[in-house]
Amino acid sequence: MHRSAPRLARILACAAVPVMLVVAGCSSDSGSDGAPKASASPSPEAKKTPAVAPAKFTKLPDPCSVLASRTIEDLVPGAKSKGGTAGKSSDAASRGSCSWNGLDDNGVKGSQYRWLDVSLLRYDSDASLAVSGEQRAQQSYAKEIDKAKATEGAKGVKTTAAPGIGSEATTVNYTLNKTDEDFVYATVVARTANGVVTLTYNGTGYAGAKNPSSADLTKAALKAAKEAVASVESANQ
């Protein structure tokens, strides 16, 4: 059938509409040059640092106050200073120490010398290294034990686990000859969360007096270490 030219043009124009829509739809994911658009990459802020548990303890007590006066009297009879002698520290919130010493003169029965030292360490968490304060304290705890075991001149070194004190604890026993006398040593290293307590107790007998037994010295040191650990925990409650 013969169609007029104007009518044929209208039919062709309508048939072309769906094709134009399809082309427009396919080009929505392309750039102006027809290339596919690149997907957005995550910004540096989106990369999260691994979570690190915050340190449990945020401070340390005064090292010279972690043991009761009665404890000092029992462990160091005749102590020169019952208040103790504090060690120097550039950061009292992270480290500190205190020591006591004294000579108990028993006349013709001789004398007993005792020396006691308490050292406190506290560790913060380090998010940049993804290490918690407790993990750092665990590393320090192991180092303090090794340090006690490696005491120069120490003889008969023996280590024993000390359950019931903080998170973990170990006793290091040995003898050491000083000033021509044999000193008996008991060192207790204890960790509680992100804190480390090292307590060293030693003694000797002078003028014919017998040396203290390692068992007695250790028993007293363990009791004092438990008290010191409790003081660290109480200071952070």
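No experiment lies behind these values; they were computed from the predicted model shown.

Student: Just checking my understanding: could you explain the overall build of the protein for this structure?
Tutor: Secondary structure assignment for the protein yields four helices and seven strands. By the burial criterion, 36% of the 237 residues in the protein qualify as buried. Taking the contacts inside the protein whose residues are at least 6 apart along the sequence as the reference set, 57% of them involve residues at least 24 apart. Of the accessible surface of the protein, which amounts to about 14400 Å², a share of 54% is contributed by carbon and sulfur atoms.

Student: How should the environment of Gly-164 be read in this particular structure?
Tutor: Position of Gly-164 relative to the elements: it lies in the loop between strand S4 (155–161) and strand S5 (168–178). Considered as a pair, Gly-164 and Lys-226 are 62 residues apart in the sequence and their alpha carbons are 8.2 Å apart.

Student: What's the story with the pairing of strand S3 (residues 111–122) in this structure? I'm lost.
Tutor: Strand residues, when the strand is regular, have side chains that alternate between the two faces of the sheet. For S3, a buried count of ten out of twelve residues is recorded, marking the element as mostly surrounded by other parts of the structure. Pairing between strand S2 (residues 95–105) and S3: eleven bridges, direction antiparallel. Each bridged residue has a counterpart across the sheet, and for Arg-95 the counterpart in S3 is Leu-121. In textbook terms, the turn of a hairpin is the stretch between consecutive antiparallel strands, and for S2 and S3 this stretch comprises five residues, one of which, Gly-107, has a positive phi near 60°. Pairing of S3 with strand S7 (residues 195–206) involves twelve bridges; the strand directions are antiparallel. Looking at the pairing, Trp-115 lines up with Asn-202 of S7.

Student: Looking at this model, I keep getting lost on the packing of aromatic side chains. Mind explaining?
Tutor: Counting across every chain of the model gives three aromatic pairs. The interplanar angle of 65° and the centroid separation of 6.5 Å between the aromatic rings of Tyr-113 and Tyr-206 together place this pair among those described as edge-to-face. Here Tyr-113 is found in strand S3, whereas its partner Tyr-206 is found in strand S7, with 93 residues between them in sequence. Residue classification places Tyr-206 among the partly exposed residues on the basis of a relative accessible area of 26%. With a centroid separation of 4.8 Å and an interplanar angle of 15°, the aromatic rings of Tyr-174 and Tyr-185 are classed as stacked.

Student: I keep staring at the sheet that holds S2 and nothing clicks. Help me out?
Tutor: Backbone-to-backbone hydrogen bonds join strands into a sheet, with any given pair of strands oriented parallel or antiparallel. Strand order across the open sheet formed by seven strands is S1-S2-S3-S7-S6-S5-S4, with antiparallel pairing between neighbours. Of all the strands in the sheet, just strand S1 (85–86) and S4 have a single pairing partner and so form its edges. Strand contacts of helix H4 (residues 214–235): S3, S5, strand S6 (181–192) and S7, with the helix running at about 30° to S6, the strand carrying the most contacts.

Cut-offs and rules
Residues numbered from 1 in each chain as written. Predicted model: local features only at pLDDT ≥ 70, side-chain atom pairs only at ≥ 80, totals over all residues. Heavy atoms only, no water. Helix = DSSP H or I, 4+ residues; strand = E, 2+ residues; numbered from the N terminus. Buried < 20%, exposed > 50% of the residue type's maximum accessible area, 1.4 Å probe, protein only. Contact = heavy atoms within 4.5 Å. Areas by Shrake-Rupley, 256 points an atom, 1.4 Å probe, with all protein chains shown as cover. Pairing = 2+ DSSP bridges. Phe/Tyr/Trp six-rings, centres within 6.5 Å; stacked < 30°, edge-to-face > 60°. Axes fitted to C-alpha atoms, helices over the stretch in contact; angles between N-to-C directions.

Taken by themselves, the reported measurements are silent on function.
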